[in-house]
Amino acid sequence: MAPTLFFEQMLNGLQLGMMLFLMASGLTLVVGIMNFVNLAHGSLYMIGAFLAVTVLMQTGNHLLALGAGIVGTALVGLLIEWFIAQPLYGRDHLDQVLCTFGIILFLNELARVIWGSAPLRMDVPEWLDGSVDLAGIAYPVYRLAIIVVSALVALGLHLVITRTRLGMLIRAGAADRLMIVGLGVNIQFLYALVFAAGAALAALAGILAAPIYTVQTGMGDHILILTLVVIVIGGIGSVHGALAASLLVGVIDTIGRVTLPAGFGNILIYVPMAMILFWRPRGLFPSHG
Amino acid sequence: MKLASLFKAGVAAALLAGLGAQAQEIRIGLLTTLTGPLAPLGQHVRDGFNLAVEEEGGKLGGFATKVIVEDDQLRPDVAVQLATKLAERDKIQILTGVIFSNVAMAALKPAVENKVFFISPNAGPSQLAGKQCSPWFYATAWQNDQPHEAMGAHLQAAGVKKVYLVAPNYNAGKEALRGFKSAYKGNVVGESYPGMNQLDFAAEISQIRAAKPDAIYVFLSGGMGVNFTKQYAQAKLVSEIPMYSAFTIDAITLPAIGDAAVGTFQSNLWNADLKLPANEKFVQTFQKKFGYLPSNYAAQSYDSARLIAAALKLSGGQLTDKKAFANALRTAKFDSLRGPFAFNTNNFPIGDFYLLETVKRADGKVEQVTRKTILSNARDNYAGECRMATL
């Protein structure tokens, strides 16, 4: 592969990885801290995109659509946490999987009922629509913007988790949930906050993706699978692990798709997942949970 | 005594009349895809067919018609169950509506076993055009390879030297590109087969840019096509490396793609602007009744209804004599929305294919405009393999 092409593909992989990170960081915290396997995370991604498209169609304002999508999905996340997740804490993972899988089906149909089955369009905002000359190739500005925004979010998450009291509670909860309950932390509040934050991050991913991908019922299903692969590789409960694994999966998936024969590229990411499960089952950066 | 026998005669006559009226009702099963990401296609097919029946006041060809709609969910196992139910319980005489080839292949067996005529408004699998052709199966749109072949023929005739191909990694995708290559003899500089649910084509687009083809030919249906076209436009390649496609950009996906499709080319058997009186009327009536622009799927479905109507008229609404009705189907004349229509020996159509270009109107709306006829009276490549049995 020519050097410029390789560089371009690495950039593509980076961008995919950063998008996956937004999804994976939220999900890994939910699974790690609350011990709740939330398959409906992909549906939150979808809801974020739908809410944003709807607001955009009504107001024409991209930033308003972004805000409304994030806030609206966080609220939906809180509702799901209150009514669906709370009764299932401490239950067998299989119960949680069955329940949240049902939520996926329900939300997909609800999206079809509300918005129809035809795909909706969200355009790239004009001030991001263009391309930039990088090493001789014209790379879309919008994709660079995704990388930048996701990197800022990653930095923000890092600062919150390592420098704030809340972050300390989150790390402690991921490491040993029973202990922090025993220490008198308001676990209900912490759980609700983590779930809502996860929902907000998923919504951000969905809204950033909307101009590139179609906004359609079921759009969260594929990315959920990639996200699950990422959190398994990265280590449940670890945001740093999610970052490392997202970049790894993003690059492997992209390079695999263009270098291997058709079909093999799509399943390549499951190879590192299988290897991790075999040799380091707790992931690259386990949170000692 | 006389009164009693008169009474009996009267009852007998009434019963016979009732039976006669019963036999006249045409029951048509419309088995199409109404859920899932490709549901809009089923919606167009259903609405197109219902429009034809409604225009005749609940009749086709002058005979009272009942249409029973079922959702195959794009699953062959569900399709088999529903086709069986429609044939055995609802006693349909005609099965139609099927969009996808895997569903068509599955639904054919119950149809044939129950002597039900299968009129496909879209699915045109190569097996049914060739070795497995059946006197019960009629395709009113195309054989699946044809729009790809048409575009291949166009690019060949236009002297395009280097082409890059993209299709999904499944049977129909590979067949599509084979169809393209059967007519295009230039240099294929690269092929990409993305996975069925892939959403992000940045990697494939980077490969295309590096391969420097003169044009690309794409077959990506539904959301995949929308995503690819948007991303291709975002990479600023539409004017640099023109995009030719089939089954990718149409009246259903165009609203979701928008401006990104401007400057791309498609091959199709129908377009809303075809200058035929029957077509102009159809587009107007359809839009007025359903509130959206019909796609070729709606037009194809409407055509299949008009064909059935013409055949019913020709055979006097008689569906018990299967041979006579089959004859009527093959010979009936109707005003097809696509232009000239006739059946080939394998019950697949002989028809025209057009080159469409997507343009932006002065009022900002994006639409497809017919540029020229690529193929006239085109026949599919598989007719030679068909040894049609007699009913």
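What you see is a predicted model, and the numbers here were worked out from it, not measured in a lab. (Residues numbered from 1 in each chain as written. Chains lettered and ligands numbered in written order. Predicted model: local features only at pLDDT ≥ 70, side-chain atom pairs only at ≥ 80, totals over all residues.)

Considerations on the overall build of chain A
Part 1 of the argument: Helix and strand content of chain A: 12 helices and two strands.
Part 2 of the argument: Each helix and strand of chain A, ordered N terminal to C terminal, gives the series α-α-α-α-β-β-α-α-α-α-α-α-α-α.
Part 3 of the argument: The globule rule puts the C-alpha radius of gyration for 289 residues at 19 Å, and the 19 Å found for chain A is close to it.
Part 4 of the argument: Overall size of chain A, expressed as C-alpha extent along the three principal axes, is 60 × 50 × 35 Å.
Part 5 of the argument: Taking all 289 residues of chain A together, the buried fraction comes to 51%.
Part 6 of the argument: Of the contacts made within chain A by residues no fewer than 6 positions apart, 77% connect residues no fewer than 24 positions apart. (Helix = DSSP H or I, 4+ residues; strand = E, 2+ residues; numbered from the N terminus. Rg over C-alpha atoms; globule rule 2.2 N^0.38 Å. Buried ≥ 20, exposed ≤ 12 C-beta atoms within 10 Å, placed from the backbone. Contact = placed C-beta atoms within 7 Å.)

Some remarks on the overall build of chain B
Part 1 of the argument: Within chain B, the regular secondary structure consists of 13 helices and 14 strands.
Part 2 of the argument: Based on the C-alpha atoms only, the size of chain B along its principal axes is roughly 95 × 45 × 35 Å.
Part 3 of the argument: Considering chain B as a whole, with its 391 residues, one finds that 54% of them fall into the buried category.
Part 4 of the argument: Restricting the contact set of chain B to residue pairs at least 6 apart, pairs at least 24 apart contribute 71%.

Let's talk about the interface of chain A and chain B
Part 1 of the argument: Taken residue by residue, the interface counts 31 residues in chain A and 26 residues in chain B.
Part 2 of the argument: Elements that contribute at least two residues to the side of chain A that touches chain B include exactly helix H1 (3–34), strand S2 (137–140), helix H5 (141–163) and helix H10 (239–259) of chain A.
Part 3 of the argument: Looking at the side of chain A that touches chain B element by element, the count peaks at six residues for H1 of chain A.
Part 4 of the argument: In terms of residue class, the side of chain A that touches chain B is built from 14 nonpolar, 12 polar and five charged. (Nonpolar A, V, L, I, M, F, W, Y, C, P; charged D, E, K, R; others polar.)

Description of the domain arrangement of chain B
Residue and element names in this part refer to chain B.
Part 1 of the argument: One can read the domain layout of chain B as domain 1 (25–142 + 275–351) and domain 2 (146–268).
Part 2 of the argument: Here the side of domain 1 that touches domain 2 takes three residues from helix H2 (residues 39–55), the largest share from any one element.
Part 3 of the argument: When its residues are assigned to classes, the side of domain 1 that touches domain 2 shows seven nonpolar, five polar and no charged. (Domains from an automatic or database assignment.)

Overview of the packing of H1 of chain A against helix H9 (residues 219–234) of chain A
Residue and element names in this part refer to chain A.
Part 1 of the argument: The geometry of H1 relative to H9 is characterised by a closest axis approach of 9 Å and an angle of 65° between their N-to-C directions. The hand of the H1/H9 crossing is right-handed. Contacts between H1 and H9 involve Leu20, Met23, Ala24, Leu27, Thr28 and Val31 from the former and Ile223, Leu226, Thr227, Val230, Ile231 and Gly234 from the latter.
Part 2 of the argument: Taken together, the residues of the contact of H1 with H9 break down into nine nonpolar, three polar and no charged. (Axes fitted to C-alpha atoms, helices over the stretch in contact; angles between N-to-C directions. Left-handed = near helix turned anticlockwise from the far one by under 90°.)

What to know about the pairing of strand S1 (residues 131–134) of chain A
Residue and element names in this part refer to chain A.
Part 1 of the argument: Where S1 lies against S2, four bridges are found, and the strand directions are antiparallel. Bridge pairing links Leu134 to Ile137 in S2.
Part 2 of the argument: As consecutive antiparallel partners, S1 and S2 are separated by two residues, and within that stretch Ala135 has a phi angle of approximately 50°, a positive value. (Pairing = 2+ DSSP bridges.)

Let's talk about unusual backbone geometry
Negative phi is the rule for most residues except glycine; trans is the rule for most peptide bonds.
All names here are of chain B.
Part 1 of the argument: Phi at Phe247 is positive, roughly 60°, even though this residue is not glycine.
Part 2 of the argument: Mapped onto the fold, Phe247 is located in the loop between strand S10 (243–245) and helix H10 (254–257).
Part 3 of the argument: With a phi angle near 65°, Asn347 is a residue other than glycine that sits in the positive phi range.
Part 4 of the argument: Tracing the backbone shows Asn347 in the loop between strand S12 (342–343) and strand S13 (349–360).

A short note on the sheet that holds strand S5 (residues 117–120) of chain B
Residue and element names in this part refer to chain B.
Part 1 of the argument: With respect to topology, six strands assemble into an open sheet ordered S2-S3-S1-S4-S5-S6, the strand pairing being mixed. Unpaired on one side and paired on the other, strand S2 (59–60) and strand S6 (137–139) mark the two borders of the sheet.
Part 2 of the argument: Packing against the sheet, helix H3 (residues 76–88) makes contact with strand S1 (26–32), strand S3 (63–71) and strand S4 (94–96), and its axis sits at approximately 175° to S1.

Focus: helix H8 (residues 187–209) of chain A
Part 1 of the argument: Here H8 of chain A spans 33 Å end to end across 23 residues, near enough to the 33 Å set by a 1.5 Å rise per residue.
Part 2 of the argument: Counting buried positions over the 23 residues of H8 of chain A gives 18, a clear majority of the element. (Expected span 1.5 Å × (residues − 1).)

Considerations on the nonpolar core
Part 1 of the argument: The biggest cluster of nonpolar side chains holds 211 residues, and the ones touching the most others in it are Ala49 and Ala52 of chain A together with Ala107 of chain B.
Part 2 of the argument: Residues lining this core come from more than one domain, with at least three contributed by each of domain 1 (25–142 + 275–351) and domain 2 (146–268) of chain B.
Part 3 of the argument: In this view, Ala49 of chain A contacts Gly206, Ile207, Ala209, Ala210, Val215 and Met219 of chain A; residues no more than four positions away in its chain are not counted. (Core = buried A, V, L, I, M, F, W, Y, C linked by C-beta atoms within 7 Å.)

Some remarks on the confidence of the model for chain B
Part 1 of the argument: The share of residues in chain B with pLDDT of 70 or more is 94%, and the mean pLDDT across the chain is 92.
Part 2 of the argument: In the model, residues 18–22 of chain B has pLDDT below 50 throughout and makes zero contacts with residues more than four positions away in sequence or in other chains. (pLDDT = per-residue confidence, 0-100.)

Points about the environment of Gln132 of chain B
Part 1 of the argument: Within the secondary structure, Gln132 of chain B sits in the loop between helix H5 (126–129) and S6.
Part 2 of the argument: Overall, Gln132 of chain B belongs to the partly exposed group, with 15 C-beta atoms counted inside 10 Å.

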